[in-house]
Amino acid sequence: MLRLRFRTIPAGLAALGLTILLQSAGQADPMAPVTVVPAPDGQGESFSPGVRLVSELAHDYVEEEYFVSGGADLYNYNHNPPFGPTDLSAIENDVPYQTRMIIRRPVSDAQFNGMLVIEWWNSTAGFDTAPSWDASAEYFAREGIIYVGVTNSTTSLDFLVGGCSVFGILPPTCGTRYAALSLPENGLAYDMMSQIANLLKSDSPENPLPAEFQVDRLYHAGQSQQGGSIVTYASAFDSVVNDGYFVQQAASARPINFGPVCSAPGSPPLGPLFPDCTPRLQGTDALVRTDLDSPVVHAITETDIEILFGTVARQPDTPTFRYYEVAGGGHLTVHNNVEIVPAGLLGPEPIYLDDLCEFPLNTTADGPVFFSYTLNALWANLDRQVRHGRYSRHDRHGRHGRHGRHGRHGRHGRHGGHARHDLDDRDDTDDRRQYSRHDRNDRPDRPDRPNRPDRGDRDDRPPGHDRWRWQPPAGVIMQTNAAGEVERDVFGNGLGGLRSAAMDVPIATYLPGNVADPSQPALLQGIGNLACRLASSVDPFDDATIDSLYRDHRQYVRKVIRSVREQRRLGFLLREDAAKVVVNAAASPVACGLGFELVFVVAPIMGLRRRARVARKLG
């Protein structure tokens, strides 16, 4: 932990208002150059976060690991409580770090759609996990999106440096591969991630992306703890390099650094006094700013409301902010059938994630309430908003036009290939053009191709008009009582919220939370108490309840189709995922009467009878 050295600001400066606050946050250079080298070979295996492997995807993707080093500033707030999320000053300058990132990208640039997602890997398990990747890997791959995951936590970095012993019970696998990594303080991640984002959008020779992969749109994503990091980062470090933010299953801002917490003003001091401590943002200041130039999507699940956060994250819509609560969704994002302990270590058989929990699992990625499908649609909506841009041609989303895609200082910028964009020095006069995956051959960085006219140039709305050409569907919240508890129907399922077919056409009760299987060893129960609690549990309806809801299998499938069509109409379900829902419903044994196995007999018989009738008519 760094020794925190705080710089106090005289109270009289507060009268200068927000301008001074923004300038204090912009003193450091978050766009400083970084150095990138391939991860070393022969020193141990790579620890690749996420359980959805690149090799399992239907599209050709490659995975590459790099070490990134540079110097980042550490920040603290100028007041206790802070005047707002931008009330910042650097307290340590140019602190050296070296972290790692993994790039997962299409093999060919012809498959790349211009969009890149940077996930701040989650550290709750004690090592890097990739919740955004696991939930949406198939969507990223079929759309041709580049995914970059970055180690941003001292907890995960210590795990890597220590050799990668998962849960402290599995043999180390990384050897000395990560021995050189260093991140002295979690608060350095804010500058560090800005530097990495800027690198990936630049023509710097350090950019590890092949030259033909030119990034048009870059989004930051984080889940749970790191979702809080995204709230802090977006509110205080929004810049022209970043096109949007996705806060997944999180509530409020993470600390700006991890020094000792300041006691509340006016209360008896329980620890260090300001400025030798770290204040926390208060009230709505702890939520993501809704006046940002970059769009923000914030999505949480019913499990988040009931088990983890309550309703503190609720915020109204703005032109650049949407908040969604998903009924029946679980916080746990990993897929089922994940091997936790290999065979032979604690017994003759492997132990899977499902084995740790007492009740059947409902997870983000594998359902039966597929929150992952909702996330895919929200990703598509966010990207659509950014690609379409604003009506006005004189605003932030015009910044990539006359001066190229990387700002007025060119793609090499003023700082070794990285265009600086201080919080108080945004240029709102540049024309920006956004391009869909079908427009990539007409981008201005392809001089051999003609440019398409910018529709904003033909718009007659006055400059500064705040309407976007397209905005995502309105935010949706669940029905809660005065105590903030989710209200439920007669089957125990939550009411309101963004609803999938599993909730609209139910065949089970989906309850927030789960518990560890008491038959497991104590060590595994400890793991289960975390993983299972963050999932949701499934209590299937009995036959009598199913019969009371659905006359037969055909009626059940028709209701699923109606629900899917409604979700498609509202913009909360993509075509490819809708097809999966319908196919799964049709193949299910729900309301099949005499038994699902008869489906395989009755259908051919009915087909033969139809052909016989046709033959008789023709004869």
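Our structure is the block above this text.
Not measured: the values here are computed from a predicted model.

An account of the pairing of strand S6 (residues 217–223) is requested, with residue identities and associated values reported.
Counted residue by residue, S6 has seven buried out of seven residues, so it is predominantly covered. In S6, alternate side chains face the same way, and those of Arg 217, Tyr 219, Ala 221 and Gln 223 on one face and Leu 218, His 220 and Gly 222 on the other are all buried. Looking at chain direction, strand S4 (residues 115–120) and S6 are connected through five bridges and run parallel. Within S6, the position partnered with Met 115 by the bridge is Arg 217. Relative to strand S7 (residues 244–248), S6 is paired through five bridges, and the arrangement is parallel.

Kindly report on unusual backbone geometry, identifying the contributing residues and their values.
In this model, Asn 80 is joined to Pro 81 through a cis peptide bond whose omega is 0°. Within the element layout of this structure, Pro 81 appears in the loop between strand S2 (61–77) and strand S3 (88–106). In this chain, Phe 274 is followed by Pro 275 through a cis amide linkage whose omega measures 15°. Residue position: Pro 275 is located in the loop between S7 and strand S8 (296–301). Backbone geometry places Asp 94, a non-glycine residue, at a positive phi of 55°. Structurally, Asp 94 can be placed in strand S3.

For the sheet that holds strand S14 (residues 536–540), give the residues involved together with the corresponding values.
Ordered in space as S12-S14-S13, the three strands form an open sheet in which the pairing is antiparallel. Each edge of the sheet is formed by a strand with only one pairing partner; in this case those strands are strand S12 (361–362) and strand S13 (508–512). Inspection of the sheet shows S13 paired to S14 by five bridges, in the antiparallel sense. By the bridge assignment for S14, Thr 509 is matched with Asp 539.

Could you give an account of the state of the cysteines, with specific residues and numbers?
By definition, a disulfide links the sulfur atoms of two cysteine residues through a covalent bond. Summed over the entire model, instances satisfying the criterion amount to two disulfides. Here Cys 164 pairs with Cys 174 through a disulfide, and the sulfurs are 1.9 Å apart. Between Cys 164 and Cys 174, the S-S dihedral sits near -100°, and the bridge is therefore left-handed. With Cys 164 in the loop between helix H3 (154–161) and helix H4 (189–200) and Cys 174 in the loop between H3 and H4, the pair connects residues that are ten residues apart, well separated along the chain. When sorted by exposure, Cys 164 lands in the same class as Cys 174, which is buried. In this model, Cys 262 is linked to Cys 277 through a disulfide, with the two sulfur atoms separated by 1.8 Å. Judged by the sign of its S-S torsion, about 100°, the bond between Cys 262 and Cys 277 is right-handed. On the criterion of sequence distance, the pair formed by Cys 262 in the loop between S7 and S8 and Cys 277 in the loop between S7 and S8 is long-range, its members being 15 residues apart. Residue Cys 277 is classed as buried on the basis of its relative accessible area, which comes to 0%.

Could you give an account of the packing of aromatic side chains, with specific residues and numbers?
Using the criterion set out here, one finds 22 aromatic pairs in the structure. Arranged with centres 5.2 Å apart and planes meeting at 65°, the rings of Tyr 75 and Phe 237 form a pair that is edge-to-face. One end of the pair, Tyr 75, is in strand S2; the other, Phe 237, is in helix H5 (residues 225–237), with 162 residues separating them in the sequence. With a centroid separation of 5.6 Å and 40° between ring planes, the pair formed by Phe 112 and Phe 213 is classed as tilted. Of this pair, Phe 112 sits in the loop between S3 and S4 while Phe 213 sits in the loop between H4 and S6, placing them 101 residues apart in sequence. Comparing Phe 112 with Phe 213 shows no difference in burial state: the two are buried.

Break down the sheet that holds S8 for me, with residues and values.
Across the sheet, which stays open at both edges, the nine strands sit in the order S1-S2-S3-S5-S4-S6-S7-S8-S9 with mixed pairing between neighbours. Of all the strands in the sheet, the pair left with one neighbour each is strand S1 (35–38) and strand S9 (321–326). The average undirected angle you get between the axes of adjacent strands in this sheet is 20°. Against the sheet, H5 touches S2, S3, S4, S6 and S7, its axis set at about 135° to S6.

Quick one: what's the story with helix H12 (residues 575–587), residue by residue and with numbers?
With 13 residues, H12 should reach 18 Å at 1.5 Å per residue; the first-to-last C-alpha distance of 18 Å fits that figure. For H12, the set of buried residues is Asp 577, Ala 578, Val 581 and Ala 585. Buried residues of H12 fall within an arc of 105° about the axis and therefore sit on the same side. Residues Arg 575 and Val 583 are exposed on H12 and point more than 90 degrees away from its buried face.

Pulling in residues and values, what's your account of the nonpolar core?
In this structure, Phe 47, Met 101, Leu 116, Ile 118 and Val 148 are the most contacted members of the largest nonpolar core, which totals 81 residues. Here this core takes eight residues from H4, the largest share from any one element. Setting aside chain neighbours within four positions, we find Met 101 in contact with Val 36, Glu 64, Glu 65, Tyr 66, Val 68, Val 148, Gly 149, Val 150, Ile 196 and Pro 208. Core analysis: the second largest hydrophobic core is formed by 33 residues, Ala 221, Val 297, Val 386 and Leu 574 among them.

Describe the side chain of Ser 563, and please don't skip the residues or the numbers.
Secondary-structure assignment places Ser 563 in helix H11 (residues 553–570). Leave out the neighbours within four places in its chain, and Ser 563 touches Ser 500, Ala 501, Asp 504 and Val 505.

Can you break down the pattern of salt bridges residue by residue, with the values?
One pass over the full model with this rule turns up 20 salt bridges. With its nearest N and O atoms 2.8 Å apart, the salt bridge here joins Arg 104 to Glu 63. One end of the pair, Arg 104, is in strand S3; the other, Glu 63, is in strand S2, and 41 residues separate them in sequence. With a relative accessible area of 1%, Arg 104 lands in the buried category.

Cut-off values and rules
- Residues numbered from 1 in each chain as written.
- Predicted model: local features only at pLDDT ≥ 70, side-chain atom pairs only at ≥ 80, totals over all residues.
- Heavy atoms only, no water.
- Buried < 20%, exposed > 50% of the residue type's maximum accessible area, 1.4 Å probe, protein only.
- Helix = DSSP H or I, 4+ residues; strand = E, 2+ residues; numbered from the N terminus.
- Pairing = 2+ DSSP bridges.
- Disulfide = S-S within 2.5 Å.
- Phe/Tyr/Trp six-rings, centres within 6.5 Å; stacked < 30°, edge-to-face > 60°.
- Axes fitted to C-alpha atoms, helices over the stretch in contact; angles between N-to-C directions.
- Contact = heavy atoms within 4.5 Å.
- Expected span 1.5 Å × (residues − 1).
- Arc of directions from axis to C-beta.
- Core = buried A, V, L, I, M, F, W, Y, C linked by side-chain atoms within 4.5 Å.
- Salt bridge = Lys/Arg side-chain N within 4 Å of Asp/Glu carboxyl O.

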